[in-house]
Amino acid sequence: MNYLDKLEAQSVYILREAYREFKSICMLWSIGKDSTVLLWLARKAFFGHVPLPLVHIDTHYKIPEMINYRDELALQWKLTMLYGENATALAQKQTFPDGNTDRITCCRNLKSEALKHTLSGEWPRYILDHSSGQYVPDLNREQYTGVIVGVRADEEGSRSKERYFSPRDQENDWDVGDQPPEFWNQFKTDFVPGTHIRIHPLLDWTELNIWEYIEREQIPITPLYFDQGNGKRYRSLGCYPCTFPVESTARNVGDIVEELKNGKFAKIAERSGRAQDQDDGGGLETLRKSGYM
Amino acid sequence: MNIVIVGHVDHGKSTVIGRLLADTGSLPEGKLAAVKGYCQKNARPFEYAFLLDALKDEQAQGITIDTARCFFKTNKRDYIIIDAPGHIEFLKNMVTGASRAEAALLVIDAQEGIKENSKRHGQIVSMLGIRQVVVLVNKMDLVNYGQDAFNLITQEFTEFLHQVNIQPVNFIPISAFNGDNITTRSANTLWYSGPTVLEQLEGLANRKTTTELPLRMPVQDIYKFTAGGDKRRIVAGTILSGAISSGDQVVFLPSHKKSIVKSIEGFNIQPRERAAAGEAVGITLETQIYIKPGELMVKVNEKQPAVSSQIKVNLFWVGKAPLVKNKNYKLKIGTTRIAVQLVEILNIIDATELNVNTLKEQVERHDVAECIFETASPIAFDPISVIELTGRFVIVDNYEISGGGIIIEAVSSSANPGTKEGQVREILGEKGNQQALKRNGLMRQVQPNYWVLRLRMAGGQIQAEQLLKVAEIAQRYGQGSLHLTARQSIEIPFIKLADLEVVKKEFLAAGLQPGAGGARVRTITACQGSTICARGLIETTALAKEFDQRYYGRELPHKFKLGITGCSNNCLKAEENDLGVKGGMQPEWVESNCNFCGICAALCRSQAITVDKEKAALVYRETNCHYCGRCVKACPRQAWKGSEGFLVYFGGLFGNQIAIGKQLLPIIFSTEELHQVVETTLAFFKKQGKAKERFRNTLNRVGWKLLQQELDEVVRR
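Everything numeric in this text was worked out from a predicted model, so none of it was measured.

Draft legend 1. Representation of the overall build of chain B. Secondary structure summary: chain B contains 17 helices and 35 strands in total. Looking at the 717 residues of chain B, the share that counts as buried comes to 56%. Look at the contacts in chain B between residues 6 or more apart in sequence, and 68% of them connect residues 24 or more apart. Here chain B has roughly 31000 Å² of accessible surface; of this, 49% comes from carbon and sulfur atoms.

Draft legend 2. How the structure looks around helix α11 (residues 500–509) of chain B. Residue and element names in this part refer to chain B. Turning to α11, its buried residues are Leu 500, Val 503, Lys 504, Glu 506 and Phe 507. Looking down the long axis of α11, one finds its buried residues gathered within 165° of arc, a one-sided arrangement. Structural note: α11 exposes Lys 505, Leu 508 and Ala 509 on the side pointing more than 90 degrees away from its buried face. Gly 511, located one to two residues past α11, shows a positive phi value of around 75°.

Draft legend 3. Spotlight on the pattern of salt bridges. Applying the stated criterion to the full structure yields 49 salt bridges over all chains. The closest approach of N and O atoms between Arg 70 of chain A and Asp 71 of chain A, which form a salt bridge, is 2.9 Å. Under the relative-accessibility criterion, Arg 70 of chain A is labelled buried at 2%. A salt bridge links Arg 131 of chain B to Glu 388 of chain B, with the nearest nitrogen and oxygen atoms 3.9 Å apart.

Draft legend 4. Here's a closer look at the interface of chain B and chain A. Each partner contributes to the interface: chain B provides 72 residues, whereas chain A provides 59 residues. Roughly 5500 Å² is buried in total at the junction of chain B and chain A, and carbon and sulfur atoms are behind 54% of that figure. Area buried by chain B at its contact with chain A is led by Arg 69, Phe 267 and Tyr 399 of chain B, which between them contribute 14% of it. The tally of links from chain B across to chain A stands at five salt bridges. As a salt-bridge pair, Glu 400 of chain B and Lys 188 of chain A come within 3.3 Å of each other at their nearest N and O atoms. In this assembly, chain B and chain A are joined by 22 residue pairs in polar contact (both at pLDDT 80 or more). Of the residues belonging to the side of chain B that touches chain A, the class tally is 31 nonpolar, 20 polar and 21 charged.

Draft legend 5. Highlighting the pairing of strand β32 (residues 640–650) of chain B. Residue and element names in this part refer to chain B. Of the pairings in the sheet, the one linking strand β29 (residues 579–589) to β32 comprises 11 bridges and is antiparallel in character. Bridge pairing in β32 places Gln 586 opposite Ser 643. Here β32 pairs with strand β35 (residues 662–663) via two bridges, running antiparallel. Bridge assignment links Phe 650 to a residue of β35, and that residue is Lys 662.

About the thresholds
- Residues numbered from 1 in each chain as written.
- Chains lettered and ligands numbered in written order.
- Predicted model: local features only at pLDDT ≥ 70, side-chain atom pairs only at ≥ 80, totals over all residues.
- Heavy atoms only, no water.
- Helix = DSSP H or I, 4+ residues; strand = E, 2+ residues; numbered from the N terminus.
- Buried < 20%, exposed > 50% of the residue type's maximum accessible area, 1.4 Å probe, protein only.
- Contact = heavy atoms within 4.5 Å.
- Areas by Shrake-Rupley, 256 points an atom, 1.4 Å probe, with all protein chains shown as cover.
- Arc of directions from axis to C-beta.
- Salt bridge = Lys/Arg side-chain N within 4 Å of Asp/Glu carboxyl O.
- Buried area = accessible area lost by both parts, 1.4 Å probe.
- Polar contact = N/O pair within 3.5 Å; in protein donor to acceptor, adjacent residues only side chain to side chain.
- Nonpolar A, V, L, I, M, F, W, Y, C, P; charged D, E, K, R; others polar.
- Pairing = 2+ DSSP bridges.

Next comes the structure, spelled out in structure tokens:
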């Protein structure tokens, strides 16, 4: 087995463990490369099937191509596709682009809060109707007690300290100073009612591993990651007001792998194009403690 | 390759990694400058450790709290370096980090020398199965790069590592702060000719693939996804050792169900016939057998794992509450989850001195202990010396993983019934693991090397043929005598441990079993009851059998006696038991049939009935009634109708202390309700009781009301 085989096997093991242990579980799909690899790994783990719902938190500031790509794949792969949103904050314009909050608060409103209430079932969820291709209100309002998330340890400091199975309390808070032990391949699968667990199958993957795997498996990925002819591409995808493309002429997955290995990005942090990180003092700890992914 | 950095607090682990990342050019651009800027802004000297200690609390306190992954890559391979905290308070985080690693760098401060956690971490690294350990003697600049200081630590620590079965790969003198011998050879240690840290990392061997070992695949799940007309029933799991091919005969343990591998399944891969250790796979089987997640799949024609419910283990405990006996925990091994109890603490090892303490009654936080566990039913595993990956487990206490360990061996096993005396002696120790023996119905007797073997009986019932068998065994394996116990069982004295397994087999063939002593539900006693006895009101013998099936041998804080007597004559003395049942009959007066003859009132022994013939009046006081049923049986005119039921007594004692059981409930009429009462009582004792405390004393301590409340919920008044 080569290194990618080992990473894949470990992620599959974690996914199967999560699917076995949690009655009510979902997977977050941000449409970016990492969670798309995660989705692919679920198809690996479950032999072509995706037996759990995918949840997308729609901030309505996502780059429009992302939404199209989401729905195309969801229909093609027959996914149970859900989205949730912070309707109130959007209606009241409590966002950074509207000029009413700073970046961090905007992230908290549109992502952390929306995620919390979408997972708990308190706020409406919308489900893709495969016959019409439209989203309709989801009648299932159950709380998800297991949430699979595609974060990687190499992204930033607080993520480097994550567990594969990481508990969050009722308020979605993360007690980073007192995390549960994980010995060998035994994870935290028992939890106090009311709390939930975030599952991180991609912790050991680096950005380069992700692209190498996309190349090997030929995973369809949104073209926003490639140079569209203007010498610019997205390295990391988020909301358009806070995510900036990087200068790059990489036109396909092979170019990106090469660029990350030996080229201009070999030593530049991936999230350097994400403005909210800088606002949090260089790390995401503050945001992540209160529920950010 | 995953590598963990361990060692005592402040010996410079994070600095080593920070230096390694910086000097190999593995840091993102601007990261070094950013951390330097942060230090300047906060008026503190720059430290490489700040590159790793990403949490705000960590930077504020200058210590690593949680384990962190750092990634770097050489031409040879990808590395994940795991920075583990050295402070004792964060031991669980250290073990979390270390259990993911294939090799360990153990950092020792040249000036401070070997400290408590240098040793504790060394020992845990050994237990975790990490065989490659490189010792970095750090802060050499503080001892003027002196070779003597280095040699002293090398000598002393090599000796220690040998004691915990580690052959260190190398000792390297470094100064992480100054960068000596990290990526480049230092001019300050010309006396040292070995590799730098980086060279040493590149020289470590990846863990050998375990394909040459027998197949072990814990069944993680069984999938039947029907979407799109998929008809496959897939057994999914990760192969821990060995290899599997289609056509292989496999057996699932502990259920012992067999089948043949039909296909190896996957998604987006070439079809294939074989899969090997490390792969997360799925297989389909030729026959549809019912197996459950948690079973271990092995090959029929390869060495079989052990299957046993008693295991001897080494474990480290990181739980907030100590590990104690008579409490249910959850054991997770492979994909199995099962209830487990601590049976015996053999040794507690002081990690720092490697002293052995056998006197402790519980395993405290951060202790390393050798002990015996018993699972609720047998589990399949390999002793750690045979196959590592199937010999590791964790213990869950109150939702949290609180300990982890390795299995040394099975204590008594259904897979190897030919246990010999020597082996038993070795396992149990000369002083004896009395608890395990008691559970198997053995009691030490005055004569050395002889044991009394007790039989499992219910209500004193035994078939004549069985009794002949018992006689035969007593003659052949004992000294020809038997003893009838005070509680209706039979004991055979003068049995040797070496004969135990044979004797058990002979018993089993005759439908008999050894009994249980110790802290558990003991022999169920009963009188003959209404099936034989004219006075009997309930079928005590049948009830005793039910009780025996349901409750016998159940683990509790102390011994627990259940007795059943058929009527208020009380031949079996219900009130002397921890829980006693007495047959009763609730009378109901049928006025229309009564001629007020007064026979019932004359026979009543508790003044519950008064009859006035002249006034043609009868008064029945239920509060006085003993439910003996005499009135019902004696009435010539069916003026009393009776309903048979159960009276239950709680907390009787008849040993050093004597106390009569109390009746807490009105008469119960359904057997199912009676079982609920017994279940509730046993669960109550299990939860509230302390070791070596009889049930009554538990009730006295926590209050009878507490039990009363729970019973009231079960029994509708």
